[in-house]
Amino acid sequence: MEMDEENAFQVTDIPGIDPRGPIGFEWGPTEMLVYPTQNNREEKPSGTPSQMANIQVVLKDKDIYSPILSKLFNESHGIFMTLQKAQKDSPNNKTQLIHISRNYRSVMRAYLEELHKTAISVYSRDRTLSMEFEDQVSILSAVELIWNLCEILYVEAAQAGSLIVLLLDWVKVHICQVDAMAEQLLAADDPTEHLYYWNVITGYILQSRMGEARQLLAKKALLDPAAGSMYKCMSDLMRKMPMFIPGGNQNLTEFELKWRHWQEECQRCLREGIFASNRDMLLICQILAGNEDALLEKRDLMSTWYHFLVSKLLFTHPSIKPTELYQFAEVCLDHFIPYGSRPDPLDHILLAVFEFNIHQVLKSCCLVLNNWWFVAHLTDLLDHCNLLQSHNLHFGSNLREFLILEYASGLSSHHSLWQLAVDYFDYCPDMGRVYLELYIERVPLSTERKALKVLRICEQRQMTEQVRSICKIMAMKALSSNRLGSALSWSVRAKDSFFATLISDRLLQDYSIKGSFSDFDLISNLGSSMLLSDRLTFLGKYCEFHKLYGEMQFAEAAKLLLLLMTARIAPRSFWMTLLLDALPLMEQKEVIFSTEQTYELMHCLEDVTADEAQREKEAQAVGAEEDVEITKLNLLRLAFTRNLAKAIVQEGTRQGS
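Residues numbered from 1 in each chain as written. Predicted model: local features only at pLDDT ≥ 70, side-chain atom pairs only at ≥ 80, totals over all residues. Heavy atoms only, no water.

K.L.:
Explain the overall build of the chain to me, please; I cannot follow it from the model alone.
P.N.:
Scanning the chain for helices and strands turns up 30 helices and two strands. Counting across all 657 residues of the chain, residues that qualify as buried make up 48%. Of the contacts formed within the chain by residues at least 6 apart in sequence, a portion of 68% connects residues at least 24 apart. Split by element, the accessible area of the chain, about 33,000 Å² in all, is 52% carbon and sulfur. (Helix = DSSP H or I, 4+ residues; strand = E, 2+ residues; numbered from the N terminus. Buried < 20%, exposed > 50% of the residue type's maximum accessible area, 1.4 Å probe, protein only. Contact = heavy atoms within 4.5 Å. Areas by Shrake-Rupley, 256 points an atom, 1.4 Å probe, with all protein chains shown as cover.)

Take a look at the structure:
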């Protein structure tokens, strides 16, 4: 199996880890496996270590065993299924795809909060466990950050004008530094004198939250009437700032015209020195006018390069096109990377998203994330957006299917999530069936309830061989614990005639010892399944004989008993038992067996005693049982003779009359 360099998911050019910013992001797993790289795949290890094959790190999916993340996997499974069914009914429905993407993010956000609360609650008892939960919070936060950006650029495919609005929402959701400062500010006795006052106003402006910024500014204006005109001018500038309204009546050209007029007004205020007496408002006006130096001076309020990117675009290129993002992103990243340092993996992924290099985004995520959940679901969504046609692989399936198969393979090893894996395999048309057949055979059949679940899955998908295998395994388990009825039921479902015959013999032996069937109801209701083997047919009909006898339908019971004898489907060792079952019928007041039927019974009795030499040998082996067998034979001969006499008399009387 060969993979070219473009399609091979190998660890290349992923720099060392030195996370920065509010996310506190730790990449990589706690446990890893190894896998040979393509270049040395067919080389055999030999000689010195330098001649050994290169080793590639492959991440093991451990998060499926986290209780909270397991809930996330369950919830996202439902969204995945909704997407597959919806796209089948109405493919390429953009509104529907956006709704699905937001559902995924909503689930991520819910479990982020649950993880955070759990981390806080266990901190006093187990700090190590609390740190593990916080690590999961950091990773899931970054995952949602990436997903949200992909949603804006790939799923919604935002265009100039609406793009900056969506990017601002993205920043507001994921960077909450200004909100944390505002919370402390508003809790103070005099917010206007708080250390964070101007930082909060500036932070609001950098996220285009002009209404909140004006409210805080008004508090200061009330305390400084002498500078009221200056505060009013700043408030008016913020109020007049034009924003593109997606779906509104205003087109992009009209918006750009209004923007230029507004920014010219900001620059006029700077030229006239209206804010010269207040350095903080002067800096804010410079930001509104698009002065990059002023933006850089306040970069600490933005904390990340991508916040800086969005704020810079807001005041310099509000009608930017999606294809122009990457060149600005690179410049902004350089402003935030210390000299001599390299971007971390999250930076690489976000840059790839801005570059519209979807394959690189997915490849990097595969390398640095410690489970397949994110890449599998994002790839599936992007595939439904028709964005992955150029990213097919050369080893059996497309990229979407490859990643979903990897994710489902991880789920299949979990004691409860394995059921979710089945649906993921179902929606992999090329290799899904093969994977499902292999993995379903490895599901531990710990209980009959679980076995029935697995069996139902196989039957729904016409997986005949797997159905037979499961039934055989369960039949063997039941037989080993002497649950003969259950063993018979499983062997019938497996349509295994040999095993059904074996269990039928065991049931007949059990009857010979106990004198009754422990699973009489099961055997009586086999229906057409009893035709699976001759022995099972005999067992079913023999139980039917007992049922007729119990219902006092003696004539029907006699016919069935005689049929079992003459059809020769009963085991030879059981013939004596059948003949003895005829005795109670012959003791009834009315004649049950006719002359002809009695002769047939006598003929069967002779067959039983025909091999005299063998019978004597067996009698010697059992010793004292010889007299018992002789007594049984004598009783049968006497009973048959008496019944024959009664039948001849009754039949002669009928003929005479």
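K.L.:
I would appreciate a short explanation of unusual backbone geometry in the present structure.
P.N.:
Across residues other than glycine, the phi torsion is negative in most instances, and most of the peptide bonds are trans. Of note in the backbone geometry, Ser-303 takes a positive phi value of approximately 65° without being a glycine. Tracing the chain through its elements places Ser-303 in the loop between helix H11 (292-297) and helix H12 (305-316). With relative accessibility at 23%, the residue Ser-303 sits in the partly exposed group. The backbone of Gln-462 shows a phi angle near 50°, a positive value even though the residue is not glycine. Looking at where Gln-462 falls in the secondary structure, it is placed in the loop between helix H20 (448-460) and helix H21 (464-480).

K.L.:
Sorry if this is basic, but what is going on with helix H16 (residues 373-384) here?
P.N.:
Note that an α-helix has 3.6 residues per turn; residues three or four places apart therefore point the same way. Counted at 1.5 Å a residue, the expected span for H16 with its twelve residues is 16 Å, and the 17 Å between its end C-alpha atoms agrees. Buried residues dominate H16, accounting for eleven of its twelve residues. Along H16, the positions that sit buried rather than exposed are Trp-373, Phe-374, Val-375, Ala-376, His-377, Leu-378, Thr-379, Asp-380, Leu-381, Leu-382 and His-384. After H16 finishes, the residue Asn-386 shows a positive phi value of roughly 60°. (Expected span 1.5 Å × (residues − 1).)

K.L.:
What is the right way to look at the packing of aromatic side chains in this model?
P.N.:
Each aromatic ring pair is summarised here by two numbers: the centre-to-centre distance and the angle between the ring planes. For the coordinates displayed, the defined rule picks out 30 aromatic pairs. Here a set of aromatic residues connected by ring pairs shows up, and it is made of Tyr-511, Phe-517, Phe-538, Tyr-542, Phe-545, Tyr-549, Phe-554 and Phe-574. When the ring centre of Tyr-197 is taken as origin, the NZ or CZ atom of Lys-220, which lies over that ring, is 5.5 Å away. Across the ring face of Phe-336, the terminal group of Arg-299 is positioned such that the distance to the ring centre comes to 5.6 Å. (Phe/Tyr/Trp six-rings, centres within 6.5 Å; stacked < 30°, edge-to-face > 60°. Lys NZ or Arg CZ within 6 Å of the ring centre and 35° of its normal.)

K.L.:
Explain the side chain of Ser-409 here, please?
P.N.:
Along the chain, the position of Ser-409 falls in helix H17 (residues 399-411). At 2.6 Å, the side chain of Ser-409 and the backbone oxygen of Leu-405 are in polar contact. Side chain to side chain, Ser-409 and Tyr-439 meet in a polar contact 3.4 Å long. Sequence-distant contacts of Ser-409, defined by excluding residues within four places in its chain, comprise Phe-425, Tyr-435 and Tyr-439. (Polar contact = N/O pair within 3.5 Å; in protein donor to acceptor, adjacent residues only side chain to side chain.)

K.L.:
Would you mind showing me how to read the pattern of salt bridges here?
P.N.:
Any two side chains of opposite charge can pair if their charged atoms end up close together. Counted by the stated rule, this structure contains 22 salt bridges. A salt bridge links Glu-114 to Lys-71; the nearest nitrogen and oxygen atoms lie 3.0 Å apart. With Glu-114 in helix H2 (residues 94-122) and Lys-71 in helix H1 (residues 67-89), this residue pair connects regions lying 43 residues apart in the sequence. Judged by its relative accessible area of 26%, Glu-114 is partly exposed. Among the residues examined, Lys-71 registers a relative accessible area of 39% and is labelled partly exposed. A salt bridge links Arg-109 to Glu-144, with the shortest nitrogen-to-oxygen separation between them at 2.7 Å. Of this pair, Arg-109 sits in helix H2 while Glu-144 sits in helix H3 (residues 127-155), and the two are 35 residues apart along the sequence. Exposure remark for Glu-144: the relative accessible area of 2% places this residue in the buried category. One salt-bridge network, held together by shared partners, links Arg-102, Arg-105, Glu-151 and Glu-156. (Salt bridge = Lys/Arg side-chain N within 4 Å of Asp/Glu carboxyl O.)

K.L.:
I tried to follow the nonpolar core on my own but got confused; where do I start?
P.N.:
A general trend in soluble globular proteins is that nonpolar side chains are found buried together. One finds Trp-170, Leu-288, Trp-305, Phe-315, Phe-374 and Ile-440 to be the most contacted residues of the largest nonpolar core, which totals 209 residues. Setting aside its immediate chain neighbours within four residues, Trp-170 contacts Leu-145, Asn-148, Leu-149, Ile-152, Tyr-306, Val-310, Leu-350 and Phe-354. (Core = buried A, V, L, I, M, F, W, Y, C linked by side-chain atoms within 4.5 Å.)

K.L.:
Explain the environment of Glu-114 to me, please; I cannot follow it from the model alone.
P.N.:
Placed 23 residues apart in sequence, Glu-114 and Val-137 show a C-alpha to C-alpha distance of 9.2 Å. Apart from residues lying up to four places away in sequence, Glu-114 is in contact with Ile-68 and Lys-71. Within the structure, the side chain of Glu-114 is placed 3.0 Å from the side chain of Lys-71, a separation counted as a polar contact.

K.L.:
Teacher, can you tell me more about the environment of Phe-538 here?
P.N.:
Among the structural elements, Phe-538 can be located in helix H25 (residues 534-550). With 32 residues separating them along the chain, Phe-538 and Ala-570 place their C-alpha atoms 6.0 Å apart. Beyond its immediate chain neighbours, meaning those up to four positions away, Phe-538 contacts Leu-508, Leu-564, Ile-569, Ala-570, Pro-571, Phe-574 and Leu-578.

K.L.:
Where do I start with the side chain of Gln-87 in this structure?
P.N.:
By the secondary structure assignment, Gln-87 is in helix H1. Within the structure, the side chain of Gln-87 is placed 3.2 Å from the side chain of Gln-96, a separation counted as a polar contact. Once you skip the residues sitting within four places of it in the chain, Gln-87 turns out to touch Asn-92, Asn-93, Gln-96, Leu-97 and His-384.

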